[in-house]
Amino acid sequence: RMIASMGSEYIDADEMCHRLFLVQELKNKIVERFGSTVQDIYGKIDRSRLAEIVFQDKTCLDDLCSILHPIVIERIKSKITEIEKQGRRKAIVIDAALLEESDLSSICDFIIFVNTSRDHRLERSRISRHWKEEELDKREQFQMALEDKKKKADYIIDNYFTVDNTFRQVKVFWQLY
């Protein structure tokens, strides 16, 4: 979002995934695979119930990813095409926790890894998602190791300190690239 504040376009893969849970065809596939217990009383996908299932078993997570990722990747590519057609392609940021796992990194010119401590990740997940420590640990265990992601990155931003410090690093990146 900091790069977007300097003029880039911003695509949030997580937000796209959340919107997909409202698409009837996808809801049907999810319910077919994971059962009606993943729905709330209104028939909507209850993401917390779904998470309880998929973050217990790698096969379940892989199944969910096989339902969601192809559509998210297609939508991201469509959004990029739309941005380019409108002549707005100064830079496009794809914010995706599973950038490497979904192979979205293959369409990127640069990969930025935002490095922060476990304590910071835990605090942010408590505030923004109301997760307990165990939830963060469970989810991170199903992702590529952070050190491996860091090694694949073209640029690393250390987010250990203040927002101002992080923003200074983002500005340096923006000027370099």
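Quick look at the structure, then. (Residues numbered from 1 in each chain as written. Predicted model: local features only at pLDDT ≥ 70, side-chain atom pairs only at ≥ 80, totals over all residues. Heavy atoms only, no water.)

Moving on, we get to a nonpolar patch on the surface. Taken together, the side chains of Phe110, Val172, Leu176 and Tyr177 define a hydrophobic patch exposed on the protein surface, amounting to about 400 Å² of accessible area. For Tyr177, the location among the structural elements is in the segment after α9 (163-176). Assessed through its relative accessible area of 45%, Tyr177 is described here as partly exposed. (Patch = residues over 30% accessible without salt bridge, like charges linked within 9 Å, V, L, I, M, F, W, Y side chains within 5 Å. Areas by Shrake-Rupley, 256 points an atom, 1.4 Å probe, with all protein chains shown as cover. Salt bridge = Lys/Arg side-chain N within 4 Å of Asp/Glu carboxyl O. Helix = DSSP H or I, 4+ residues; strand = E, 2+ residues; numbered from the N terminus. Buried < 20%, exposed > 50% of the residue type's maximum accessible area, 1.4 Å probe, protein only.)

Another aspect to go through is the packing of aromatic side chains. Counted by the stated rule, this structure contains six aromatic pairs. Between the aromatic rings of Phe110 and Phe173, the centroid separation amounts to 6.3 Å while the plane-to-plane angle is 85°, which identifies the pairing as edge-to-face. With Phe110 in the loop between β2 (92-95) and β3 (112-115) and Phe173 in helix α9, this residue pair connects regions lying 63 residues apart in the sequence. An aromatic cluster is present here, built from Phe110, Tyr155, Phe173 and Tyr177 joined pairwise through their rings. (Phe/Tyr/Trp six-rings, centres within 6.5 Å; stacked < 30°, edge-to-face > 60°.)

A few words now on the packing of helix α2 (residues 13-20) against helix α5 (residues 58-85). Two elements in contact, α2 and α5, have axes separated by 10 Å at closest approach and are oriented at 120°. Comparing the axis directions of α2 and α5 gives the class oblique. At the point where α2 passes α5, the crossing takes the right-handed sense. Facing Ala13, Met16, Cys17 and Leu20 of α2, the residues of α5 in contact are Leu68, Ile71, Val72, Arg75, Ile76 and Lys79. When grouped by side-chain class, the residues that make up the contact of α2 with α5 number eight nonpolar, no polar and two charged. (Axes fitted to C-alpha atoms, helices over the stretch in contact; angles between N-to-C directions. Parallel < 35°, antiparallel > 145°, perpendicular 65-115°, else oblique. Left-handed = near helix turned anticlockwise from the far one by under 90°. Contact = heavy atoms within 4.5 Å. Nonpolar A, V, L, I, M, F, W, Y, C, P; charged D, E, K, R; others polar.)

Within the largest apolar cluster, 34 residues are counted, with the highest numbers of intra-cluster contacts made by Ile30, Phe34, Leu50, Val54 and Ile76. Considering every element that reaches this core, the biggest residue donor is α5, with eleven residues. Setting aside residues no more than four positions away along its own chain, Phe34 makes contact with Leu50, Ile53, Val54, Cys60, Asp63 and Leu64. (Core = buried A, V, L, I, M, F, W, Y, C linked by side-chain atoms within 4.5 Å.)

We now examine the pattern of salt bridges. Opposite charge on two side chains permits them to pair, given that their charged atoms come into close proximity. In this structure the tally under the stated criterion is eight salt bridges. The partner of Glu25 in a salt bridge is Lys29, with the nearest N and O atoms 3.9 Å apart. Of this pair, Glu25 and Lys29 both sit in helix α3 (residues 24-34), four residues apart, roughly one helical turn. You can call Glu25 exposed: its relative accessible area is 55%. Here Lys58 and Asp62 are joined by a salt bridge, their closest N and O atoms 2.8 Å apart. Here the residue Lys58 and the residue Asp62 both occupy positions in helix α5, the gap between them amounting to four residues, near one helical turn. Owing to a relative accessible area of 43%, Lys58 belongs among the partly exposed residues under this scheme.

Position of Lys27 relative to the elements: it lies in helix α3. Within the buried set, Lys27 has no salt-bridge partner at all; the shortest N-O distance to an opposite charge, 7.6 Å, is to Asp40. When residues no more than four places from it in sequence are discounted, the contact partners of Lys27 are Phe21, Leu22, Gly43 and Ile45. (Lys, Arg positive; Asp, Glu negative; His and termini not counted.)

Before going further, it helps to spend a moment on unusual backbone geometry. Even without a glycine there, the phi angle at Asp103 is positive, about 65°. By the element assignment, Asp103 lies in the loop between β2 and β3. Taking relative accessible area as the criterion, Asp103 reaches 47% and is therefore assigned partly exposed.

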